[in-house]
Amino acid sequence: KAGVTQTPRYLIKTRGQQVTLSCSPISGHRSVSWYQQTPGQGLQFLFEYFSETQRNKGNFPGRFSGRQFSNSRSEMNVSTLELGDSALYLCASSLGFFDSSASYNEQFFGPGTRLTVL
Amino acid sequence: AQTVTQSQPEMSVQEAETVTLSCTYDTSESNYYLFWYKQPPSRQMILVIRQEAYKQQNATENRFSVNFQKAAKSFSLKISDSQLGDTAMYFCAFMKLPFGNEKLTFGTGTRLTIIP
C-alpha cells in the first residue's frame with residue numbers, strides 16, 4: 001500500500017504570494033490532517049478534513065485554508081504569505097472513524113512540504 | 001485544552017545503552033491516547049508506540065516501552081539496547097477520544113543522539 005504523499009517537497013515563495021500544497025492519503029483513508037512545524041512553535045495542528053468537510057480546526061488565521069476532494073486528496077492554501085509562514089507542513093491520513101477491525105485509528109504522516117518565504 | 005511538556009530538549013547515549021525520555025501532560029479528559037512519534041533526519045514522522053489511557057498495563061513494542069502514570073500525568077519512553085537508527089527527534093503526543101477528534105497535540109520534542 002502506498003504511503004501518504006505530499007507535493008511539492010520544497011517550495012520557495014516571496015511575501016504576499018499565495019501557495020497551495022497537496023496531500024494524497026493512503027488508499028481507503030478518509031481523514032486528512034495538516035500540521036505546521038517550525039523551530040519556534042513546534043508542531044501545531046492546522047485543520048482536519050473528513051469526507052470533504054472540515055471537522056476540526058486549530059488556531060490559525062483565515063489566511064490558512066484547505067479543502068478535500070471526493071477521492072480524499074486534500075489541498076492546503078496559504079494566502080498573503082508572511083515570513084513567519086516558513087515551515088515544514090505535514091499532512092497525516094487516517095481512517096477517520098471507528099473500525100472494530102482496527103485496534104486503533106492510526107495517523108500516518110507524509111514526508112512534508114518545506115515552504116520558505118523570502 | 002491539552003498541553004504536552006517534554007523537558008529534555010536534547011539527550012545523547014552510547015549505542016546499546018538504555019535511555020528514557022520524559023513527557024508530562026495536562027488534560028481534564030478521561031478518555032484519550034498518548035503516543036510517541038519518531039522523526040528521523042529524513043523528516044518522515046513515524047509512530048513508535050501508543051498507550052490507551054484506560055489501560056493500566058504499560059505498552060511495549062520490541063525495544064520500546066512506556067511508563068504510564070495516569071494519576072501523575074506522566075508518560076515516559078524507554079529505549080533499550082539503543083541503536084544508531086534510533087537517532088531522531090522524539091515527540092510525545094496526546095489525542096482525546098472518541099474517534100472523530102483527529103487532532104494531535106505535540107510536545108516540543110527531544111533530540112536523541114545515539115553515539116557509536
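On a predicted model such as this, the values are computed, not experimentally measured, just so you know.

Asker: Account for the pairing of strand S5 (residues 42-50) of chain A, naming residues and giving values.
Answerer: All names here are of chain A. When you tally the buried positions in S5, you get 8 out of 9 residues, the bulk of the element. Once strand S4 (residues 31-38) ends, the chain turns through 3 residues before running back antiparallel as S5. Direction of pairing for S5 relative to strand S6 (residues 53-57): antiparallel, over a ladder of 4 bridges. Across the sheet, the residue bridging to Glu-48 is Asn-56, located in S6. Counting the residues in the hairpin turn of S5 and S6 gives 2 residues, including Ser-51, whose phi is positive at 50°.

Asker: Lay out the state of the cysteines in plain terms, naming residues and giving numbers.
Answerer: Residues and elements named next belong to chain B. Overall, the coordinates contain 2 disulfides over all chains when judged by the stated rule. Here Cys-23 is linked by a disulfide to Cys-92, with a sulfur-sulfur distance of 2.0 Å. Its torsion about the S-S bond being -70°, the disulfide of Cys-23 and Cys-92 is classed as left-handed. Of this pair, Cys-23 sits in the loop between strand S3 (19-21) and strand S4 (24-26) while Cys-92 sits in strand S10 (residues 88-96), and the two are 69 residues apart along the sequence. By relative accessible area, Cys-23 is classed as buried at 2%.

Asker: Outline the sheet that holds strand S7 (residues 64-68) of chain A, supporting the account with residue identities and numerical values.
Answerer: Residue and element names in this part refer to chain A. Spatially, S1-S3-S8-S7 is the arrangement adopted by the 4 strands of the open sheet, whose pairing is antiparallel. This sheet does not close on itself; its edge strands, each paired only once, are strand S1 (5-7) and S7. Taking each pair of neighbouring strands and ignoring which way they run, the sheet shows an average axis angle of 20°. Pairing analysis gives 5 bridges linking S7 to strand S8 (residues 74-78), with the strands arranged antiparallel. Its bridge partner being in S8, Phe-64 is matched across the sheet by Val-78.

Asker: Give me the lowdown on the pattern of salt bridges, citing residues and values where you can.
Answerer: Residues and elements named next belong to chain B. One pass over the full model with this rule turns up 10 salt bridges over all chains. Close ionic contact of Lys-73 with Asp-26 constitutes a salt bridge, the shortest N to O distance being 3.5 Å. Taken as a pair, Lys-73 in the loop between strand S8 (64-69) and strand S9 (74-79) and Asp-26 in strand S4 lie far apart in primary sequence, 47 residues in all. Since its relative accessible area comes to 26%, Lys-73 is described here as partly exposed. The exposure class assigned to Asp-26 is partly exposed, which follows from its relative accessible area of 43%.

What counts as what
Residues numbered from 1 in each chain as written. Chains lettered and ligands numbered in written order. Predicted model: local features only at pLDDT ≥ 70, side-chain atom pairs only at ≥ 80, totals over all residues. Heavy atoms only, no water. Buried < 20%, exposed > 50% of the residue type's maximum accessible area, 1.4 Å probe, protein only. Helix = DSSP H or I, 4+ residues; strand = E, 2+ residues; numbered from the N terminus. Pairing = 2+ DSSP bridges. Disulfide = S-S within 2.5 Å. Axes fitted to C-alpha atoms, helices over the stretch in contact; angles between N-to-C directions. Salt bridge = Lys/Arg side-chain N within 4 Å of Asp/Glu carboxyl O.

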